[in-house]
Amino acid sequence: MFLSAVRLPRLPSACAIRKSLSGLMSRHLYLDVEPPVYTGPRDRLDKDAFQKHLSVVAARVRPEKVGTFLKAAPLKEALLDLPKIRTVVPDDDGTNRLVLLRMGKESEIPAGALEFIRKEGSGFTNYDIDLKYDYWTAEEILHAFLPEELREGAPTGFAMVGHIAHLNLNSEYLPYKHIIGQLILDKNNRVETVVNKLNNINAQFRFFDMELLAGKPEYIVEHHESDCRFTFDFTKVYWNSRLHTEHERLVQTFMPEEVVADVMAGVGPFAVPAAKKGCAVLANDLNPESAKYLSINVTNNRVTDLVRVFCEDGREFIQKSIERVWNAPFDPYTGPKLSRVQEEKERKRIQKLQAEGKPVPAPTKAEVDPAHVRRRVSHFVMNLPDSAITFLDAFRGIIPEGDSELRKAYELMPMIHCHCFTRELEQDKAEADIRGRVEEKIGCSLTDEVSYHHVRSVAPSKEMYCISFRLPAEAAVRKA
Ligand SMILES: C[S@@+](CC[C@H](N)C(=O)[O-])C[C@H]1O[C@@H](n2cnc3c(N)ncnc32)[C@H](O)[C@@H]1O
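Residues numbered from 1 in each chain as written. Predicted model: local features only at pLDDT ≥ 70, side-chain atom pairs only at ≥ 80, totals over all residues. Heavy atoms only, no water.

**Regarding the UniProt feature "binding site: S-adenosyl-L-methionine" (unreviewed entry) in the protein chain**
Worth spelling out the cut-off: UniProt positions are given in the numbering used here, feature names are shortened, and annotations may be inferred rather than shown by experiment. To qualify as a helix, a DSSP run of H or I must reach at least 4 residues; to qualify as a strand, a run of E must reach at least 2; elements of each kind are numbered from the N terminus. Residues adjacent in sequence count toward polar contacts only when both atoms are side-chain atoms; beyond that, a polar contact is any pair of N or O atoms within 3.5 Å, and within protein one must be able to donate a hydrogen and the other to accept it. By definition in these notes, contact holds between two residues if any of their heavy atoms fall within 4.5 Å.
Per the UniProt record, "binding site: S-adenosyl-L-methionine" (unreviewed entry) is found at His247, Asp285, Leu286, Asp313, Gly314 and Asn383. Note that Asp285 resides in the loop between β13 (280-284) and α9 (288-300). Within the structure, the side chain of Asp285 is placed 2.9 Å from the backbone nitrogen of Asn287, a separation counted as a polar contact. In this structure Asn383 touches Leu243, Met264, Phe270, His419 and Met464, once residues within four positions along its chain are discounted.

Spelled out as C-alpha cells, the structure:
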C-alpha cells in the first residue's frame, strides 16, 4: 500500500452499516449496497457492469408529518441512511411523501418502528433504487474489480499537487494502473491528471520521473500552501506536499524583521511565506527550473521587494550571502503588508479621487532609515536532507575578522536549520549521530544553542530531522 495524503472516502457499505449497528439488529435486516462482483473484461473497466437494484420499504407520509418522522426515536435505526440517496422522496400520488426505510420487507421492520408508522403514517409501499457506477467510491469499485488475491493491500489513497493526483503503485497493481487512474479521475472533481511516480528520482534536483495514468498530460500546477500560491512544473522541480507542516513550523520561528537565506529553496515553500510575513529573503536553488518558478512565485505572491532569487551551487551561495546582504541591505521592516483586498480598496479610493478631479496624493515610499536597514542574515535554511550536512564546511570563515563593523553585526551568529536523514531510530542516538556529522563538517563543537526536530519517517529505517543550531563563532570567523 502506498502512503496517502488523500484517503478515498468510503461509503458505509453493507459491511460498514453492519459493523456500526452490530448487536442492535440482526444481519438480515440490512441492505447489501456493496458493488456487485465484477464479471466484465479485465483490460478495461466496463462501467455498465456496476449496477445494483434495491427494493426498500417506504412509509407513505403526509407532508406536514415528514419532520416528525425524521426525528422520531423509534425510527432512528429504521430510516434509510445512505450517502447520495435521499431519505424522503415524492410519492407518485403527487400529495404525500415517501420516507424510505432500510428494510427490504415490511416484516423486517422492528416492532417499535412499525407501531409508530402504523399510527402516524398513511401506509406502506415499495420503492426501487438503482445504484450505478457513479454511486460507489473509487475504493469500492477497485475492490470489486481486482482479483481476490489483490484486494487486501489495494491502493486506498493518493497525494495531491494542484490538479495532479500522484500514486506510487506497487508492482502487482501495475497491470491495473490505467484503471486505477481512471477511477481516481472519475471520482474526484479536483483531479484532472493522474500519474504514477516511477522509482527514478533525479539525483541532483530530487524530482521524480512519472507516467501518465489518466487525464490530461498537463504538469504545470497551481498549488496552495500557507496562504501562498505556488506554480511549478511537477515533472521538473521538487515538491512534497507532506512537508507543509515543516515549512510552516520553520517560518513561524522567523521574526518579520529578520533576513533569511534559503540555500536549497526549491520553488519557495519556505522563502515565499517567510517574505509574506515580512522577512527579507535570499532564495537560491541550483535547478534552473526551480529558480524560474521561484521567481514566478515571488511575483505572484507580491513579495518581489523582499525576495532576491539566485541559481547557484549552495556552497557558493552560503559563502556570498553575508557580503551580499551587507553590501546591498534590504529596507527595514515597516509592518504587515496590505492585503490584496486592502490594496484594491486603496486603488478604488484613488480612482474615485481622480474621477472627482481631486488631487491624488503622490505615492510615498516609506522613508528608509539607514540605521534600520537589514544587512545581517539571521537564518540559513538547508533542506536537502540527503546531503545538506556536507555543505556545512562552507560556513567556515564566512565572517571576516578584520571588518569590525560587519563583525560587530554578527556578535550574534546566524541560526542554521539543516535537514538531514539518519538511520538511527531512537531519538538520543539520532541526535548524537546528526550532531557528530555536523560538528565534523563545521570543524568545531556546537554551542549549547542546538535543537532537533523529527520531521517524518521516510522509510522503515530512515528518519528525517531538522537540526537547528547557532553557527559557532569559532568556525565562522575568518582569521585575518
Ligand atoms: C529536498 S528539495 C527542497 C526544496 C524546498 N526547500 C522544499 O522544501 O520544498 C532540495 C532542493 O535542493 C536543490 N539542490 C540540489 N542540489 C543543490 C545544490 N548543490 N545547491 C543548491 N540547491 C540544490 C534541488 O534542486 C531541490 O530543489
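**Observations concerning the nonpolar core**
Which entries qualify depends on this criterion: We define a nonpolar core as any set of buried Ala, Val, Leu, Ile, Met, Phe, Trp, Tyr and Cys residues linked to one another through side-chain atoms lying within 4.5 Å. Three labels apply to residues, based on accessible area from a 1.4 Å probe with only protein chains included: buried if under 20% of the type maximum, exposed if over 50%, partly exposed otherwise in between. Note that domain bounds follow an automatic or database assignment of domains.
Ranked by internal contacts, the top residues of the largest apolar core, which has 78 residues, are Phe232, Met382, Leu392, Phe395, Ile416, Val438 and Ile442. By residue number, the principal contributor to this core is helix α10 (residues 314-327), which donates five residues. Residues from two domains meet in this core; each of domain 1 (1-29 + 138-218) and domain 3 (240-330 + 370-478) gives at least three. Each residue touching Phe395, except ones within four places of it in the same chain, is listed here: Ile318, Phe380, Met382, Ile416, Ile442, Leu471, Ala475 and Ala476. Counting 43 residues, the second-largest nonpolar core is a separate cluster that includes Val33, Leu45, Phe50 and Trp136.

**Things to note about the pattern of salt bridges**
Defined as follows: Here a salt bridge means any side-chain nitrogen of Lys or Arg lying within 4 Å of a carboxyl oxygen belonging to Asp or Glu.
Counted by the stated rule, this structure contains 22 salt bridges. A salt bridge links Asp186 to Lys47, with the nearest nitrogen and oxygen atoms 3.0 Å apart. With Asp186 in helix α6 (residues 177-187) and Lys47 in the loop between α1 (14-21) and β2 (51-61), this pair connects stretches of sequence that are 139 residues apart. For Asp186, a relative accessible area of 28% translates into the label partly exposed. Residue classification places Lys47 among the partly exposed residues on the basis of a relative accessible area of 34%.

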